[in-house]
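# What the coordinates show
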Amino acid sequence: MKKNIWQIIKFALVGVSNTIVSEIIYTILIFFKVHYLPASFVGFSLSVLNAYYWSNKYVFKEQEDAEKRVWWKVLLKTYVAYLWGYLVSALLLVFWIDFIHVSRWMEPLGNRFISAGYERFDAQFLGSVLAAALNLMITVPMNYLTNKYWAYRQKRNDN
């Protein structure tokens, strides 16, 4: 039980770094007027490399009595594990941005930025960033469970 709690804490810390990598890349691309879906995919792709490195090294470390992992198989499984979370996130982005129009919620703040001379920080930009942040409440737990029980699952050698 204690090991699982510590593992969840470490996964959360790795998740924070993944989120930072993904959100910075996404936000920069959105700032430069890249459409939100390609921006999200680029951020996702680079953050999964970050996730693989830190998860493999610190969160789901190989145990001495387990079979050795093949690095490229684990990397591929990490991408697949995060891919379904990404697909859910992409669908949610479309939902928040195109159906709910979350940017309307950000109009007062966007107008303040615009009147202060920061035209790029309009409601559309702020809404796209907010939509990505809202998705984290769903995709983070999904990613943890998929990685723990599939991508980094280890078989024990019972010799």
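Residues numbered from 1 in each chain as written. Predicted model: local features only at pLDDT ≥ 70, side-chain atom pairs only at ≥ 80, totals over all residues. Heavy atoms only, no water.

Counted according to the given criterion, the structure contains one cavity of 30 Å³ or more. Roughly 400 Å³ of internal volume is contained in the largest cavity. If you go around the largest cavity, you meet 23 residues; those closest to its centre are Ser22, Ser47, Leu136, Thr139 and Asn143. Put simply, the parts of the chain that give the lining of the largest cavity at least two residues each are α1 (2-31), α2 (36-59), α3 (71-100) and α5 (123-151). (1 Å grid on protein atoms, 1.4 Å probe; cavity = no way out; pocket = protein on both sides within 12 Å on 5 of 7 lines; lining within 4 Å. Points joined across faces, edges and corners; volume = space filled by probe spheres on them. Helix = DSSP H or I, 4+ residues; strand = E, 2+ residues; numbered from the N terminus.)

So, about the side chain of Ser128. Along the chain, Ser128 falls in helix α5. Under the relative-accessibility criterion, Ser128 is labelled buried at 6%. Excluding anything up to four places from it in sequence, Ser128 contacts Tyr26, Ile30 and Ile97. (Buried < 20%, exposed > 50% of the residue type's maximum accessible area, 1.4 Å probe, protein only. Contact = heavy atoms within 4.5 Å.)

Our focus in this paragraph is the packing of α3 against α5. Two numbers describe how α3 lies on α5: the axes approach to 8 Å, and their chain directions differ by 150 degrees. Judged by the angle between their axes, α3 and α5 are roughly antiparallel. For the element pair α3 and α5, the recorded crossing hand is right-handed. Of the residues in the contact of α3 with α5, the class split is 17 nonpolar, nine polar and one charged. (Axes fitted to C-alpha atoms, helices over the stretch in contact; angles between N-to-C directions. Parallel < 35°, antiparallel > 145°, perpendicular 65-115°, else oblique. Left-handed = near helix turned anticlockwise from the far one by under 90°. Nonpolar A, V, L, I, M, F, W, Y, C, P; charged D, E, K, R; others polar.)

When the terminal C-alpha atoms of α3 are compared, their 41 Å separation across 30 residues agrees well with the 44 Å that a helix rising 1.5 Å per residue should span. At Leu83, α3 shows its maximal kink, close to 25 degrees. In the segment just after α3, His101 is the residue with positive phi, at about 60 degrees. (Expected span 1.5 Å × (residues − 1). Bend = angle between axes of the 7 residues up to and from the residue.)

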